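# Survey of secondary and tertiary structure
So you can see what is in the structure, the chains are spelled out below.
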Amino acid sequence: MKNTTCLCVWACLLPIFCFGQSSITISGYVSDQQNGEKLLRATVQSPDQKIGTYTNDFGFFSLSVPAGTMRLRVSYSGYEAQSIAFIAETDSFIEFKLQTQSLEAVEIRAERQIEEETEMSVVDIPLRQIKAMPTLLGEVDVIRAVQMMPGVQSGNEGNTGLYVRGGGPDQNLILLDGAPLYYVSHLGGIFSVFNADALQQVRLIKGGFPARYGGRLSSVLDIRMKDGNLKKWEGTGNVGLIASRLLLQGPLIKDKASIMISARRTYLDLLSRPATWFATERESSFGYYFADFNAKLNYIISPKDRIYLSTYIGDDVFGVKVRTENGTFGADDYEKESLDIDLSWGNRLYSFRWNHLWGPRLFSNLTVTHTFYRFALRNQASYQDSGTRSEADVSYNSGIRDIGLKYEFDFYPHPKHQIRFGVHANYLQYSPGIRGVYLGFNDTTAVDNNEGNEVLRPWQNAIYFEDEWRPNSNFSVHAGIRGVHYWIKQKSYFSVQPRLSLRYQAAPNLSLKASFAVMTQYLHLLTNSGLGVPSDLWVPATDEIGPQQAWQVAVGTASSLWDDKFNFTIEAYYKKMQGLISYEAGASPISGGIEWQEKVVTGGTGQAYGGEALLQKKYGNTTGWIGYTLSWNWRTFADLNRGQTFPYKYDRRHDASVVISHKFNERISLSGSWIFGTGNAITLATGAYNSLYSDYSPVNLIEIYGEGRNDFRMPAYHRMDIGINFSKPKKWGSRTWNISFYNAYSRRNPYFYYFDTTRSVIDNDWDNPITEIKLKQVSLFPILPSVSYGFSF
Amino acid sequence: MKTSKWIFVLLLLGFITQACETVIEVPLPEHEPKLVLNARLNPFNNRMSVSRSRGRTDIITEEMSQIDDATSYLFENDILLDTFTYYQRVDTVYNDDSTDFRVYSDRFYTYPKTPWQAGSTYRVEVMHPDYPTASAETYMNHVPTLLSLEIEQDVAQGKEGLSLAGVKVRLQDPPGEENYFNYSIQIKYSHPDSLQDTLDFLLIPFETDGSLRAEIEEFVDLDDILGDINSFWSFFPYSSDEGRDGQILEIDALMYQPSPGFSGSILNPQNAQPGASVPEYVIHSAVIGISCPSKDLYLYQSQYVLHRQNQGVNLSSLIGEPLILHSNVENGYGILGISNYGYFEVTF
């Protein structure tokens with residue numbers, strides 16, 4: 001039986017591998033002529049043979065064609081298409097260098113059309129479109145642009161978390177140059193860590209995941225940094241109200257090695273620290289800043305070998321300093337107190353990649369990554385008087401370290417097949433919270449210990465295989481399978497994850513698509529479901545708490561409309577999740593002493609379903625998109641809500657967005673966006689009653705939660721942003737003034753709710769104090785105008 | 001032009017520096033009030049309070065919530081026993097200027113007898129013209145029977161260096177019931193240096209099977225137990241007969257034993273001197289008290305502990321998970337709980 005199966009598999013694969021015997025292979029790279037940047041997913045076609053392919057994630061392509069006279073056409077969005085004709089007798093290696101199109105010409109169809117792509121639920125957002133959008137306090141934000149796509153929701157006001165097709169913010173695989181990032185927010189989620197100047201590509205996959213991606217249930221956000229200009233040195237920069245950024249890139253060795261360096265920093269602390277220090281007569285000061293640093297080194301060793309070295313370092317730092325000193329030193333009335341609170345969090349990411357061409361049909365990429373996310377809180381206090389001195393030093397640290405190795409191959413055995421396979425290995429280290437306490441009195445140590453959650457060190461290994469098969473121009477299949485082994489504390493988990501995407505060209509500009517994907521995630525995010533106050537804790541699957549799993553099926557159509565100027569997609573999806581965890585009823589994330597595993601309920605299931613529509617225009621003077629999502633999102637836990645299904649916190653029935661940018665001329669462009677979303681579902685007490693132990697104080701009141709968990713809706717979220725750019729060429733380059741209005745009509749969107757309790761006495765009736773409780777809504781941003789100055793040289 | 005540009009920028013900066021965060025009041029959906037029954041019935045206490053629920057943001061005063069004109073019926077195994085009667089204590093308090101006012105306290109409905117029989121189901125119905133009739137039903141469990149009790153002194157050291165005694169308890173679990181219980185031990189002992197002949201001490205053993213002991217150490221520290229043992233009794237974690245119905249329950253526990261740190265004030269101060277030879281305590285007898293709440297009361301009390309942790313003006317109240325407290329009241333809120341108690345004395 002086993003032999004028969006092997007024979008059948010071999011019989012199927014034989015035509016693929018035998019194709020090479022009667023054909024030649026044209027391979028090479030496609031890059032930008034001006035700066036040498038490789039162009040990803042550029043189309044390479046042989047119009048005569050009616051076969052084609054597209055460049056991979058490193059700009060490489062390989063196309064097997066019959067020997068003889070042939071013509072190749074290479075095209076990429078925003079670039080002049082290039083055609084060459086030649087007599088192909090042997091395998092050839094060609095580097096195509098495309099020129100940027102003039103603005104008017106961009107209207108012409110110049111890229112592979114959406115209905116020709118096998119993958120579905122994929123959104124590419126051009127960086128130029130992201131940069132044209134209105135800013136928040138002068139900062140362009142990639143994640144905020146992604147949040148405006150259908151099927152993607154933001155959490156709260158100013159939150160850069162992604163909630164994709166009913167999933168949580170932990171269920172997104174966010175890759176920066178192939179390395180995973182765990183926390184992508186600055187300033188509590190108001191800005192993302194991505195500096196748009198340093199990026200080359202932003203690609204979001206919401207479903208039908210290729211097998212090369214894994215480890216998350218809901219989406220993949222694949223972000224690539226610029227490689228660096230191989231031709232000449234250039235720079236861009238921006239000075240905003242709260243931050244400035246600068247990017248420099250250029251060749252170290254022309255056409256062989258380049259470097260890109262980018263930095264961003266806020267400077268509120270530079271003002272707030274001295275201002276508060278002098279305002280409090282040198283007693284206290286506070287400050288906050290965040291900073292990002294990106295760098296990438298790109299070295300072409302030979303036509304067959306190329307290496308990349310990337311790094312990202314980002315930090316948020318908040319500090320409070322208090323100093324008081326009274327009396328005369330040595331006298332009885334002498335007192336000296338000090339308090340230092342330091343809160344910081346951030347990412348360290350390093351990525352090394354080596355591209356190697358084993359032959360015209362086999363391309364490999366080796367990636368070694370190291371990501372470290374840390375959160376640290378330290379509180380130091382001291383007190384000294386004439387006779388005593390005491391010190392306290394309390395700290396809390398948590399973090400995730402991820403060391404990964406990927407070895408991946410792209411194999412082009414046949415013009416109708418593109419095969420990818422590879423292995424992934426990851427060593428992770430989770431520190432879910434370590435508390436350190438030191439107490440000293442008169443120079444002797446009273447307490448000095450560390451305690452907290454156990455540090456966990458899992459291994460995660462995967463192997464995958466995928467094939468994109470195009471039997472004819474009307475039909476294509478992208479099938480894959482991924483096998484994963486996860487090991488933690490002597491416990492192993494295995495999963496096999498099939499992936500399938502189908503495309504059928506039903507009409508010249510219309511294709512029907514379907515996809516199915518199984519995903520497993522060995523990571524959980526614990527977040528509260530109360531009044532909306534954010535509190536997140538990342539934890540791994542353990543020997544006691546298993547992984548999350550999901551399968552998703554999606555169907556849809558993709559078409560190009562109105563002379564291919566517009567892309568229009570409609571998709572419907574159904575996602576089933578299991579193995580979810582949640583805090584148990586009554587648990588508090590900050591109650592000390594108890595391990596997080598003892599505060600959770602496990603075995604939860606979730607289902608999300610809905611439909612999405614997207615009309616997008618990527619090129620021309622007017623660009624933008626209109627998106628709409630209708631969705632439902634449910635959770636069920638045996639030990640929550642009496643076992644009854646309840647809406648997920650981010651169950652959002654309607655979600656709509658409109659983004660439009662218009663370039664009036666080379667000097668002036670205007671952009672606007674509007675977003676609308678049904679209010680978040682929260683659990684809100686609408687009534688109260690005395691407890692069995694009541695002493696009539698609010699503390700002893702028992703709350704009444706109506707129908708159950710998440711049965712209350714916050715008001716709908718909607719916001720309009722407007723931005724205008726004034727550009728002008730200068731002798732040294734060009735400059736752009738940007739004026740933006742975030743939340744242009746000053747909508748008070750809810751951030752979170754809380755009950756405000758006050759007790760008061762009327763007419764000196766001290767025996768009958770009156771307790772008043774009010775429900776209060778906190779909103780973050782009213783209208784926020786901003787101005788920024790950008791330049792490039 | 002350049003000057004006006006910077007003025008514009010400065011104006012924007014000023015606008016920006018206004019406080020971003022705004023707080024507004026949000027109206028809540030109207031709450032329909034219902035009757036609230038709270039009763040913890042046991043052989044010594046037949047009190048039930050009746051009040052009304054209110055909107056979460058309603059103004060709270062004791063006067064507004066109490067209901068003193070309800071009609072309350074008590075049923076045993078669906079047979080009407082009688083009605084509850086309302087009781088309140090009224091004190092007259094005089095001001096400095098000789099004027100007076102009345103203070104109401106101890107307001108509850110009570111039943112004059114303690115008819116509670118283990119194995120019976122009790123139901124309460126409360127009627128009031130302004131609210132829907134509320135009712136609740138609960139079952140009174142049997143108490144496990146003590147088979148043996150052994151106490152061994154000085155088996156371990158506890159917090160603050162206090163000595164721990166080992167306790168071995170064997171109980172016969174009543175069959176056919178889902179039982180929860182906790183127990184305390186009152187020991188009678190003497191000490192040569194004491195001014196009294198015998199001393200009583202009420203202690204709560206810590207079970208050594210892991211989970212329960214960990215819970216106890218989390219919820220309370222030693223001072224709580226010693227200082228406020230009676231109120232703590234209600235929240236003390238319960239053992240369960242889950243998976244052991246009708247079987248002999250063997251419990252290994254530890255308890256803090258009488259030691260100089262416990263009652264130093266009544267001992268000879270010389271005992272505190274370094275190197276002093278402190279005489280031993282002598283235990284004469286121990287009374288073990290077992291409390292068995294109904295399942296409803298057990299669920300209510302165990303969840304109430306979590307509820308208390310997340311109340312008040314602290315961060316937990318903002319990020320604590322919502323808790324829907326157990327209730328067995330239909331058409332209303334609250335809890336009808338009933339407890340059975342058993343006492344067994346062992347002489348050494």
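Just so you know, these numbers come straight off a predicted model, no measurement behind them.

Moving on to the overall build of chain B. Per the secondary structure count, chain B includes seven helices and 20 strands. Per-residue burial over chain B gives 46% buried out of 348 residues. Considering only contacts in chain B between residues 6 or more positions apart, those separated by 24 or more positions represent 67%.

Attention now moves to the overall build of chain A. Each helix and strand in chain A was counted, giving four helices and 48 strands. When burial is assessed residue by residue, chain A has 56% of its 793 residues classed as buried. Restricting the contact set of chain A to residue pairs at least 6 apart, pairs at least 24 apart contribute 66%.

Residue and element names in this part refer to chain A. With respect to topology, five strands assemble into an open sheet ordered S8-S15-S16-S11-S12, the strand pairing being mixed. Both outer strands of the open sheet, strand S8 (122–124) and strand S12 (179–181), are each paired with one neighbouring strand and no more. The mean angle between the axes of side-by-side strands here comes to 25 degrees, regardless of whether they run parallel or antiparallel. Two strands pair when backbone bridges link them, and strand S15 (residues 199–205) and strand S16 (residues 219–225) are joined in this way by six bridges, in the antiparallel orientation. Bridge pairing in S16 places Val202 opposite Ile223.

What follows deals with the side chain of A:Ser431. All names here are of chain A. Note on placement: Ser431 falls in strand S25 (residues 417–441). Residue classification places Ser431 among the buried positions, given a relative accessible area of 16%. Other than its neighbours up to four places away in sequence, Ser431 contacts Asn397, Ser398, Gly399 and Val455.

Residues and elements named next belong to chain A. Spatially, three strands are ordered S4-S1-S7 in an open sheet, and the strand pairing comes out mixed. The open sheet has two edge strands, strand S4 (60–65) and strand S7 (92–98), and neither has a second partner. For this sheet, the mean angle separating the axes of adjacent strands, direction not counted, is 25 degrees. As judged from the six bridges shared by strand S1 (residues 24–32) and S4, these two strands associate in the antiparallel manner. Its bridge partner being in S4, Gly28 is matched across the sheet by Phe61.

Let's shift gears to the pattern of salt bridges. Once their charged atoms are close, side chains differing in charge can pair, the charge on each being opposite to the other. Residue and element names in this part refer to chain B. One pass over the structure, following the stated rule, counts 35 salt bridges over all chains. One salt bridge in this structure joins Arg123 and Glu125, with 3.2 Å as the shortest N-O distance. A salt bridge links Lys295 to Glu178; the nearest nitrogen and oxygen atoms lie 3.3 Å apart. Linking Lys295 in helix H6 (residues 295–309) with Glu178 in the loop between strand S12 (163–172) and strand S13 (180–190), this pair joins segments that are 117 residues apart in sequence.

Turning next to a nonpolar patch on the surface. Residues and elements named next belong to chain A. Taken together, the side chains of Trp233, Leu246, Leu248, Leu252, Ile253, Leu297, Leu309, Phe352, Val368, Leu405, Trp732 and Phe793 make up a nonpolar region of the molecular surface, amounting to roughly 1,100 Å² of accessible area. Of all the elements, strand S18 (residues 243–253) adds the most residues to the nonpolar patch, at four residues. Tracing the backbone through its elements, the reader meets Phe352 in strand S22 (residues 335–359).

Glancing now at the pairing of strand S44 (residues 717–730) of chain A. All names here are of chain A. Across 10 bridges, strand S39 (residues 668–677) lies against S44 in antiparallel orientation. Note on S44: the bridge partner recorded for Leu670 is Ile724. As defined by bridge partners, S44 adjoins strand S45 (residues 733–742) across nine bridges and the pair is classed as antiparallel. By the bridge assignment for S45, Phe726 is matched with Trp737. Between S44 and the antiparallel strand that follows it, S45, lie two residues.

A few words now on a negative patch on the surface. Side chains of A:Asp332, A:Asp333, A:Glu335 and A:Glu337 sit close together on the surface and give a patch of like negative charge. Residue position: A:Glu335 is located in strand S22.

All names here are of chain A. Here chain A averages 83 in pLDDT, while 89% of its residues score no lower than 70. The lowest-confidence element of chain A is helix H1 (residues 2–18), averaging 47 in pLDDT; the highest-confidence one is strand S28 (residues 475–488), averaging 93. Note on residues 5–21: pLDDT is under 50 here. Beyond four places in sequence and across chains, it has 12 contacts. Below a pLDDT of 50 lies the segment residues 103–110, which in the model reaches 18 contacts outside its immediate sequence neighbourhood of four places, other chains included.

Moving on, we get to the side chain of A:Thr520. Structurally, the position occupied by A:Thr520 is in strand S30 (residues 510–521). Looking at A:Thr520, its side chain comes within polar contact range of the side chain of A:Ser495, at 3.5 Å.

What follows deals with the packing of aromatic side chains. Note on aromatic pairs: each is described by the distance of the centres and the angle between the planes. Residues and elements named next belong to chain A. Applying the stated rule across the entire model yields 33 aromatic pairs over all chains. Measuring from centroid to centroid gives 5.3 Å for Tyr427 and Trp459, while their planes differ by 55 degrees, and the two rings are tilted. Of the two residues, Tyr427 is situated in strand S25 and Trp459 in strand S27 (residues 459–472); the sequence distance between them amounts to 32 residues. A connected cluster of aromatic rings, assembled from ring pairs, spans Tyr29, Phe58, Phe60, Phe93, Tyr308, Phe363 and Tyr412. Directly above the ring of Tyr29 sits Lys38, whose terminal nitrogen or CZ lies 5.1 Å from the centroid.

Every α-helix carries 3.6 residues per turn, so stepping three or four residues along brings you back to the same face. Residues and elements named next belong to chain A. Compared with an ideal rise of 1.5 Å per residue, which puts 12 residues at 16 Å, helix H4 (residues 268–279) spans 16 Å between its outermost C-alpha atoms and is within 8% of the ideal. When we look at burial in H4, the residues that qualify are Asp269, Ser272 and Thr276. The buried residues of H4 all sit within an arc of 65 degrees when viewed along its axis, so they share a single face. More than 90 degrees from the buried face of H4, the exposed residues found are Leu270, Leu271 and Phe278.

Attention now moves to unusual backbone geometry. Residue and element names in this part refer to chain A. One non-glycine residue with positive phi stands out, namely Arg41, at about 60 degrees. Along the polypeptide, Arg41 turns up in the loop between S1 and strand S2 (43–46). Residue Arg41 is classed as buried on the basis of its relative accessible area of 13%. In the Ramachandran plot, Asn710 falls in the positive-phi region, its phi being about 55 degrees despite a non-glycine side chain. Looking at where Asn710 falls in the secondary structure, it is placed in the loop between strand S42 (701–704) and strand S43 (712–713). Overall, Asn710 belongs to the buried group, its relative accessible area being 3%.

Right, let's get into the environment of B:Thr83. All names here are of chain B. Inspection of the secondary structure puts Thr83 in strand S6 (residues 79–83). According to the relative accessible area criterion, Thr83 is partly exposed, its value standing at 28%. The sequence separation of Thr83 and Ser302 amounts to 219 residues, and the corresponding C-alpha distance is 30 Å. Apart from the residues within four sequence positions on either side, Thr83 is in contact with Ser72, Tyr73 and Tyr111.

With that settled, the discussion passes to the environment of A:Asp655. Residue and element names in this part refer to chain A. Here Asp655 shows up in strand S38 (residues 654–663). Sequence separation between Asp655 and Gln45 is 610 residues; the distance between their C-alpha atoms is 38 Å. Each residue touching Asp655, except ones within four places of it in the same chain, is listed here: Val152, Gln153, Gly627, Tyr628, Thr629, Phe676 and Gly677.

Residues and elements named next belong to chain B. Most of strand S2 (residues 35–41) is tucked away, with six of its seven residues classed as buried. As paired strands, S2 and strand S3 (residues 47–52) are joined by five bridges and run antiparallel to one another. Bridging across to S3, Leu35 finds its partner in Arg52. Connecting S2 to the next strand, S3, in antiparallel fashion are five residues. Strand direction decides the pairing type here: S2 and strand S20 (residues 332–347), joined by seven bridges, are parallel. Paired with Val36 across the bridge in S20 is Tyr333.

Residues and elements named next belong to chain A. In this structure, Ala554 sits in strand S33 (residues 548–561). Taking the relative accessible area as the measure of exposure, Ala554 reaches 1% and is therefore buried. Distance in space between the C-alpha atoms of Ala554 and Ile400 is 33 Å, their sequence separation being 154 residues. Excluding residues that lie within four positions of it along the chain, Ala554 makes contacts with Met120, Ser121, Arg165, Lys513, Ala514, Ser515, Ala572 and Tyr573.

On to the confidence of the model for chain B. Residues and elements named next belong to chain B. In the predicted model, chain B carries a mean pLDDT of 73, and 67% of its residues have values of at least 70. Mean pLDDT across the secondary structure elements of chain B bottoms out at helix H4 (residues 222–227), with 38, and peaks at strand S10 (residues 131–139), with 95. Low pLDDT, under 50, characterises residues 209–235; the stretch is placed with 49 contacts to residues that sit more than four places away or in other chains. Every residue in residues 261–266 is under pLDDT 50, and counting partners more than four places away or in other chains gives 13 contacts. Across the interface, the model reports ipTM at 0.79; the global pTM reads 0.78.

Rules used throughout
- Residues numbered from 1 in each chain as written.
- Chains lettered and ligands numbered in written order.
- Predicted model: local features only at pLDDT ≥ 70, side-chain atom pairs only at ≥ 80, totals over all residues.
- Heavy atoms only, no water.
- Helix = DSSP H or I, 4+ residues; strand = E, 2+ residues; numbered from the N terminus.
- Buried < 20%, exposed > 50% of the residue type's maximum accessible area, 1.4 Å probe, protein only.
- Contact = heavy atoms within 4.5 Å.
- Pairing = 2+ DSSP bridges.
- Axes fitted to C-alpha atoms, helices over the stretch in contact; angles between N-to-C directions.
- Salt bridge = Lys/Arg side-chain N within 4 Å of Asp/Glu carboxyl O.
- Patch = residues over 30% accessible without salt bridge, like charges linked within 9 Å, V, L, I, M, F, W, Y side chains within 5 Å.
- Areas by Shrake-Rupley, 256 points an atom, 1.4 Å probe, with all protein chains shown as cover.
- Lys, Arg positive; Asp, Glu negative; His and termini not counted.
- Charge placed at Lys NZ, Arg CZ, Asp CG, Glu CD.
- pLDDT = per-residue confidence, 0-100.
- Polar contact = N/O pair within 3.5 Å; in protein donor to acceptor, adjacent residues only side chain to side chain.
- Phe/Tyr/Trp six-rings, centres within 6.5 Å; stacked < 30°, edge-to-face > 60°.
- Lys NZ or Arg CZ within 6 Å of the ring centre and 35° of its normal.
- Expected span 1.5 Å × (residues − 1).
- Arc of directions from axis to C-beta.

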